[in-house]
Amino acid sequence: MAESGEKHQSNRFKNFTRDERDVFISLVAENYTTIKGAFGSSLTFADKQNAWEVIAESLASRGYQLRSKEQLRKKWYDLVPDAKKKFSTYKREEGKTGGGPRPASPPSYVRKIVDIIGMGAVLPLKGICPAGLGTPVENDSNADEETIEVESVAEATTADNSETTSRKRKAVTELMLEEQVRIRRAVETG
């Protein structure tokens, strides 16, 4: 039993240093369109594998520990949910009223990850508009009204703090669906 514990210890890699983590995140940012891009004739599985290999080689060439592409992929997919959680908590605390000290800013690596993956991936419900709602309807004389109504839907998500979140979500969803139907009809008739 002790032998297997010793064997496990010898195969374990060192943790990422802060500097190595920051360089790793920068390298992922450079290759992000390949890593997260949609498969197609111009982007294959081999291209994605190659991107992770390039990242591994770049880290090793800078003097950091040699790690496999699988280890780096796992590290990235462990960092992303952690960054989402920390950034969401920060934004939630920042939006609270009632005085008191400001919440501590998230670490710089969290902000880098959020910049890479985009805010929509971190804060999904707030301020999101389904396709077609954020742009005025073409060839419609009431195009400005379309935009105003969409803004009022976004305001509805934060206007009344006394309602529960689920009730707000339901109300916003209903407003958005009604708006989608109205826009679709306007497009069909216009």
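Caption draft 1: Quick look at the side chain of lysine 48. Along the chain, the position of lysine 48 falls in helix H3 (residues 45–61). Salt bridges are absent for the buried lysine 48, whose nearest opposite-charge side chain, aspartate 47, sits at 9.2 Å. A polar side-chain atom of lysine 48 sits 2.6 Å from the main-chain carbonyl oxygen of glycine 37. In this structure, lysine 48 is in contact with Thr34, Ile35, Lys36, Gly37, Phe39 and Leu43, ignoring residues within four places of it in sequence.

Caption draft 2: Quick peek at the pattern of salt bridges. All told, the structure shown has eight salt bridges when counted by the stated rule. The closest approach of N and O atoms between glutamate 93 and lysine 96, which form a salt bridge, is 3.1 Å. Classification of glutamate 93 by relative accessible area gives partly exposed; the value is 34%. Judged by its relative accessible area of 52%, lysine 96 is exposed. Between glutamate 94 and arginine 102 there is a salt bridge whose closest N-O contact spans 3.2 Å. Residue class for glutamate 94 comes out partly exposed when judged on its relative accessible area of 30%. Residue class for arginine 102 comes out exposed when judged on its relative accessible area of 65%.

Caption draft 3: The arrangement of the packing of helix H2 (residues 18–36) against H3 in detail. For the pair H2 and H3, the least separation of the axes is 10 Å and the interaxial angle reads 160 degrees. Here H3 runs roughly antiparallel to H2, going by the angle between their axes. Handedness of the crossing formed by H2 with H3: right-handed. Of H3, the residues touching H2 (which contributes Glu20, Val23, Phe24, Leu27, Val28, Asn31, Thr34, Ile35 and Lys36) are Asp47, Lys48, Ala51, Trp52, Ile55, Ser58 and Leu59. Of the residues that constitute the contact of H2 with H3, the class distribution is nine nonpolar, three polar and four charged.

Caption draft 4: Representation of the layout of surface pockets. Looking at the second largest pocket, its volume works out to about 160 Å³. If you go around the second largest pocket, the residues you meet are Phe13, Asn15, Phe16, Arg67, Gln71, Lys74, Lys75 and Asp78. Looking at side-chain class alone, the lining of the second largest pocket contains two nonpolar, two polar and four charged residues.

Rules behind the numbers
Residues numbered from 1 in each chain as written. Predicted model: local features only at pLDDT ≥ 70, side-chain atom pairs only at ≥ 80, totals over all residues. Heavy atoms only, no water. Helix = DSSP H or I, 4+ residues; strand = E, 2+ residues; numbered from the N terminus. Buried < 20%, exposed > 50% of the residue type's maximum accessible area, 1.4 Å probe, protein only. Lys, Arg positive; Asp, Glu negative; His and termini not counted. Salt bridge = Lys/Arg side-chain N within 4 Å of Asp/Glu carboxyl O. Polar contact = N/O pair within 3.5 Å; in protein donor to acceptor, adjacent residues only side chain to side chain. Contact = heavy atoms within 4.5 Å. Axes fitted to C-alpha atoms, helices over the stretch in contact; angles between N-to-C directions. Parallel < 35°, antiparallel > 145°, perpendicular 65-115°, else oblique. Left-handed = near helix turned anticlockwise from the far one by under 90°. Nonpolar A, V, L, I, M, F, W, Y, C, P; charged D, E, K, R; others polar. 1 Å grid on protein atoms, 1.4 Å probe; cavity = no way out; pocket = protein on both sides within 12 Å on 5 of 7 lines; lining within 4 Å. Points joined across faces, edges and corners; volume = space filled by probe spheres on them.

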